[in-house]
Amino acid sequence: MKLINIGFGNMLAAERIVAVVSPESAPIKRMIQDVRDKGLLIDASFGRSTKAVIFVDSGNVVLSALTPEALAARMTNKPEEGNSNG
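Everything numeric in this text was worked out from a predicted model, so none of it was measured.

A. Region of the structure containing the overall build of the chain. Looking only at helices and strands, the chain has 2 helices and 6 strands in total. The secondary structure elements of the chain, listed N-terminal to C-terminal, are β-β-β-α-β-β-β-α. Relative to its length of 86 residues, the chain is compact, with a C-alpha radius of gyration of 12 Å against a globular reference of 12 Å. Across its three principal directions, the C-alpha atoms of the chain cover 35 × 25 × 20 Å. Across the 86 residues in the chain, those meeting the buried criterion constitute 36%. Contacts spanning at least 24 positions in sequence make up 48% of the contacts within the chain whose residues lie at least 6 apart. Charged side chains in the chain number 10 positive and 9 negative. The centres of these two groups are separated by 1 Å.

Have a look at this one:
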């Protein structure tokens, strides 16, 4: 099992990740609120602004302070540029 650091020492199993998206659009914001209401939201942003929304195969949604690009780089083992969050 490969674990991905999603910031501040928090880890997710790479094979469980379905999608990593930006939280900017209204549909994504509505999805976050719906998941929050259902009790399936995991906020791993530690009070920072949310820069990535991670959907996992269990139906949970994880918020991260890292950008989707930084998370993608970690998932593909490419070096990250300008990221000091985790």
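The structure having been displayed, the exposition proceeds.
B. How the structure looks around the pattern of salt bridges. One pass over the full model with this rule turns up 1 salt bridge. For Arg16, the salt bridge identified is with Asp57, shortest N-O distance 2.5 Å. Of the two residues, Arg16 sits in the loop between strand S2 (10–13) and strand S3 (17–21) while Asp57 sits in the loop between strand S5 (52–56) and strand S6 (61–64), which places them 41 residues apart along the sequence. Here Asp57 falls in the partly exposed class, since its relative accessible area comes to 45%.

C. Quick peek at the sheet that holds strand S4 (residues 41–43). Across the sheet, 4 strands lie side by side as S3-S5-S6-S4; this open sheet has mixed pairing. This sheet does not close on itself; its edge strands, each paired only once, are S3 and S4. Going from strand to strand, the sheet's axes swing by 20° on average, the running direction of each strand aside. Two strands pair when backbone bridges link them, and S4 and S6 are joined in this way by 3 bridges, in the parallel orientation. Counted as the bridge partner of Leu41 is Val61 from S6.

D. Up close: a nonpolar patch on the surface. Together, Met1, Leu3 and Met11 line one region of the surface with nonpolar side chains, adding up to about 370 Å² of accessible area. Within the secondary structure, Met11 sits in strand S2. A residue is classified by how much of its surface remains accessible, and Met11, at 46% relative accessible area, is partly exposed.

What counts as what
Residues numbered from 1 in each chain as written. Predicted model: local features only at pLDDT ≥ 70, side-chain atom pairs only at ≥ 80, totals over all residues. Heavy atoms only, no water. Helix = DSSP H or I, 4+ residues; strand = E, 2+ residues; numbered from the N terminus. Rg over C-alpha atoms; globule rule 2.2 N^0.38 Å. Buried < 20%, exposed > 50% of the residue type's maximum accessible area, 1.4 Å probe, protein only. Contact = heavy atoms within 4.5 Å. Lys, Arg positive; Asp, Glu negative; His and termini not counted. Charge placed at Lys NZ, Arg CZ, Asp CG, Glu CD. Salt bridge = Lys/Arg side-chain N within 4 Å of Asp/Glu carboxyl O. Pairing = 2+ DSSP bridges. Axes fitted to C-alpha atoms, helices over the stretch in contact; angles between N-to-C directions. Patch = residues over 30% accessible without salt bridge, like charges linked within 9 Å, V, L, I, M, F, W, Y side chains within 5 Å. Areas by Shrake-Rupley, 256 points an atom, 1.4 Å probe, with all protein chains shown as cover.

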